Amino acid sequence: MTSPASAPADAAAPSEVLKPDFSAPRRHFIFQDHHDELRESIRRFVVKELAPHAEEWEETTFPDSVFTRMGELGLLGLSYPESYGGQGGDYISNIVLAEEMTHADSGGLAMGVAVHTDMATPPIHLFGTEEQKQRYLVPAIRGERISCLGITEPDAGSDVAGIKTRAVRDGDDWVINGSKTYITNGVRADFIVLVAKTDADAGYDGFTLFLIDKETPGFIVENKLEKLGMHASDTALLAFSDVRVPHDAILGEIGKGFYHIMWELQGERLIGAAGSVAGAQRCFDKTLAYAKERQAFGRSIGRFQVIRHKFAEMATKIESARQMVYTTAWRFMNGEYPVREISIAKLHASRIAVEVADECIQIHGGAGYMKEYGVERVWRDMRLNRIGAGTDEIMLDVIGRSYGL
Ligand SMILES: Cc1cc2nc3c(=O)[nH]c(=O)nc-3n(C[C@H](O)[C@H](O)[C@H](O)COP(=O)(O)OP(=O)(O)OC[C@H]3O[C@@H](n4cnc5c(N)ncnc54)[C@H](O)[C@@H]3O)c2cc1C
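Thresholds, definitions, all that
Residues numbered from 1 in each chain as written. Predicted model: local features only at pLDDT ≥ 70, side-chain atom pairs only at ≥ 80, totals over all residues. Heavy atoms only, no water. Phe/Tyr/Trp six-rings, centres within 6.5 Å; stacked < 30°, edge-to-face > 60°. Lys NZ or Arg CZ within 6 Å of the ring centre and 35° of its normal. Near = heavy atom within 4 Å. Polar contact = N/O pair within 3.5 Å; in protein donor to acceptor, adjacent residues only side chain to side chain. Helix = DSSP H or I, 4+ residues; strand = E, 2+ residues; numbered from the N terminus. Nonpolar A, V, L, I, M, F, W, Y, C, P; charged D, E, K, R; others polar. Disulfide = S-S within 2.5 Å. Core = buried A, V, L, I, M, F, W, Y, C linked by side-chain atoms within 4.5 Å. Buried < 20%, exposed > 50% of the residue type's maximum accessible area, 1.4 Å probe, protein only. Contact = heavy atoms within 4.5 Å. Salt bridge = Lys/Arg side-chain N within 4 Å of Asp/Glu carboxyl O. Expected span 1.5 Å × (residues − 1). Axes fitted to C-alpha atoms, helices over the stretch in contact; angles between N-to-C directions. Parallel < 35°, antiparallel > 145°, perpendicular 65-115°, else oblique. Left-handed = near helix turned anticlockwise from the far one by under 90°. Pairing = 2+ DSSP bridges. Patch = residues over 30% accessible without salt bridge, like charges linked within 9 Å, V, L, I, M, F, W, Y side chains within 5 Å. Areas by Shrake-Rupley, 256 points an atom, 1.4 Å probe, with all protein chains shown as cover. 1 Å grid on protein atoms, 1.4 Å probe; cavity = no way out; pocket = protein on both sides within 12 Å on 5 of 7 lines; lining within 4 Å. Points joined across faces, edges and corners; volume = space filled by probe spheres on them.

**Student:** Quick one: what's the story with the packing of aromatic side chains, residue by residue and with numbers?
**Tutor:** Scanning all chains against the criterion turns up 14 aromatic pairs. Site record: aromatic cluster; members linked through ring pairs are Tyr204, Phe207, Phe258 and Tyr259. One Lys or Arg, Arg39, reaches over the ring of Phe31 and ends 5.1 Å from the middle of that ring.

Structure follows, in structure tokens:
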């Protein structure tokens, strides 16, 4: 009897036998030709104009001119209507952007851009008045006004309903007091989409979103925060001290801010998941090249079974997360609100990205610990994804509760 392990080699192979073609181009069904063209043009831009500055921007944070340049290229409004300066594309175009930004080799840069394109501006597009869209969305798409999103506070992150920033009605105005922390783009932003409490007794119906210009008196950037990774991005502690805004600064419906922000978080999580998978894939690819080159005991390290199996494990993790992200993105694009699947995709993609980056460091040996090879940076950058946009624990809770538990 032929053993299963030797069967393929022993079998008489007729000339027409099908052979696996491991390098054949494979396109997932969610993508079409125009997505491939978009991918190629973004890749060219990212590799030529962003990646060469990755090291420098780790020290200095990336310049605001990245936004204006991406605005010129139409990359900040891929899925927004042409009437607002967008490209009129679909949601999958945003996934392509998130994936291709990983070729800049700078998690902080990718995050700063994603906060602008997929976190702060979507609520303006969905809930904003025409005047708000003209004032904030149009210049944001052009890259002339940079946005940030303020949910987290020093005393409330996971517990969004526990935020303390208050907005109190005063005649025709609202007066805002409080603080927000860990705010990406908070130092450089021209305006913020802010979640504030407008009715302390109304529970989840007591929150409202506001659009606030940075130059409004009382809007203070208290501190630029130092962090483990994502160094190319800026992260701020913001304070609001008697910030007076007119009634038309309200974004969406009064009292519906909690639900508006829960909607926003779905897109944020999906884009983060897409970035996690693409980042893991990029780290895998670089490490594969290294494993084929690096010699030990007279052979390339990739020829050791233990290393080969590490790649097999990583590929399996990446592919499973990718399928989840793509299928869920397709459902989201087609009008579904698949909160459970988005949470699963976000949880799984963030976890496997950290596991893959960690294993890539291991495969690099000492080189993996050195800055020069860039793998340690991927690990530091990716580590955020298990915390930001909802921690692993919160994702598990959302998933568990979705079963009525
Ligand atoms: C670099 C960076 C950039 C960020 N950018 C932004 C931004 O632009 N805008 C913004 O608003 N926020 C931003 N955040 C904040 C981020 O979303 C929060 O840090 C995150 O939601 C967790 O909140 P927290 O830090 O307050 O942790 P906490 O809520 O204090 O959680 C601490 C721990 O307790 C666990 N925990 C809490 N509640 C539960 C529960 N019910 N069940 C089980 N475990 C629980 C958490 O999972 C975690 O392990 C950013 C954070 C970082 C680090």
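The discussion continues.
**Student:** Can you explain the site of the ligand? Please cite residues and give values.
**Tutor:** As a structural note, the neighbourhood of the ligand is formed by 17 residues, with Thr152, Ser158, Tyr182, Thr391 and Glu393 the closest of them. Between Thr152 and the ligand, the recorded distance is 2.7 Å, taken from a side-chain N or O atom to a nitrogen atom. Between the ligand and Tyr182, the relevant distance is 2.7 Å, taken from a nitrogen atom to a main-chain nitrogen or oxygen of the residue. Counting residues per element, the ones that place at least two in the shell around the ligand are strand E1 (147–150), strand E3 (173–184) and helix H13 (392–401). The element contributing the most residues to the shell around the ligand is E3, with three residues. Here the shell around the ligand is built from residues that sort into eight nonpolar, seven polar and two charged.

**Student:** Describe in detail the state of the cysteines, supporting the description with residues and values.
**Tutor:** Going through the model one piece at a time under the given rule, you end up with zero disulfides. Residue Cys360 stays outside any disulfide, its sulfur separated by 3.7 Å from that of Cys283, the closest cysteine.

**Student:** Go over the nonpolar core with me, naming the residues and quoting the values.
**Tutor:** Grouped together as the largest cluster of nonpolar side chains are 89 residues, with contacts concentrated most on Leu50, Met70 and Leu109. Top element by residues in this core is helix H8 (residues 257–293). It accounts for 13 residues. If we ignore the near neighbours within four places in the chain, the residues touching Leu50 are Phe45, Trp57, Val66, Met101, Ala104 and Leu109. Ile183, Leu238, Val243 and Val245 belong to the second largest nonpolar core, which has 19 residues in total.

**Student:** Describe the pattern of salt bridges, with residues and values.
**Tutor:** Across all of its chains, the model carries 30 salt bridges by this definition. A salt bridge links Arg377 to Glu55; the nearest nitrogen and oxygen atoms lie 3.3 Å apart. Taken together, the residues span a long stretch of sequence, with Arg377 in helix H12 (residues 375–383) and Glu55 in helix H3 (residues 54–60) at a distance of 322 residues. Judged by relative accessible area, Arg377 falls into the buried class, the value being 7%. Two residues, Glu58 and Arg377, come together in a salt bridge whose shortest N-O distance is 3.9 Å. On the criterion of sequence distance, the pair formed by Glu58 in helix H3 and Arg377 in helix H12 is long-range, its members being 319 residues apart. You'll find Glu58 and Arg377 in the same group, each marked buried. One salt-bridge network, held together by shared partners, links Arg39, Arg43, Glu99 and Glu100.

**Student:** Any details on H8? Residues and values, ideally.
**Tutor:** Its 37 residues place the ends of H8 54 Å apart at the C-alpha level, agreeing with the 54 Å of an ideal helix rising 1.5 Å per residue. Burial within H8 is extensive, with 26 of its 37 residues counted as buried.

**Student:** How would you sum up the packing of helix H2 (residues 33–50) against helix H5 (residues 91–100)? Please name residues and give values.
**Tutor:** With their axes 9 Å apart at the nearest point, H2 and H5 run at an angle of 30 degrees to one another. In this view, H2 runs roughly parallel relative to H5, as classed from their interaxial angle. Relative to H5, H2 is oriented so that their crossing is right-handed. Residue-level contacts link His35, Leu38, Arg39, Ile42, Arg43 and Val46 of H2 to Ile92, Ser93, Val96, Leu97, Glu99 and Glu100 of H5. Here the residues of the contact of H2 with H5 are counted per class, giving six nonpolar, two polar and four charged.

**Student:** Report on H2, specifying residues and quantitative values.
**Tutor:** In this model, H2 (18 residues) spans 25 Å end to end at C-alpha, consistent with the 26 Å of a helix rising 1.5 Å per residue. Buried residues belonging to H2 abut H3, helix H4 (65–72), H5, helix H6 (107–127) and helix H9 (305–333).

**Student:** Residue-level account of the pairing of strand E2 (residues 166–170), with values.
**Tutor:** When E2 meets E3, the two strands line up antiparallel, connected through five bridges. If you follow Ala167 over to E3, its bridge partner there is Ile176. Hairpin connection between E2 and E3: a loop of two residues separates the two successive antiparallel strands, and Gly171 in this loop has a positive phi of roughly 65 degrees.

**Student:** Give me the environment of Val138: which residues, what numbers.
**Tutor:** Along the polypeptide, Val138 turns up in helix H7 (residues 130–142). For the pair formed by Val138 and Leu238, sequence separation is 100 residues and the distance between their alpha carbons is 25 Å. Those residues in contact with Val138, other than ones at most four positions away along the chain, are Tyr84 and Lys133.

**Student:** Could you give an account of a nonpolar patch on the surface, naming the residues involved and the relevant values?
**Tutor:** A contiguous nonpolar patch, built from Tyr369, Met370 and Tyr373 and spanning about 370 Å² of accessible area, is present on the exposed surface. As for its placement among the helices and strands, Tyr369 is situated in helix H11 (residues 366–369).

**Student:** An account of the environment of Gly74 is requested, with residue identities and associated values reported.
**Tutor:** With respect to the helices, strands and loops of the structure, Gly74 is situated in the loop between H4 and H5. For the pair Gly74 and Asp397, spaced 323 residues apart in the sequence, the C-alpha separation amounts to 38 Å.

**Student:** Run through empty space enclosed by the protein, naming residues and quoting values.
**Tutor:** Counted under the stated rule, the structure contains one cavity of 30 Å³ or more. Taken as a whole, the largest cavity holds about 50 Å³ of empty space. If you go around the largest cavity, the residues you meet are Leu75, Leu76, Gly77, Leu78, Ser79, Tyr80, Asn94, Leu97, Thr117 and Asp118. Partitioning the lining of the largest cavity into residue classes produces five nonpolar, four polar and one charged.

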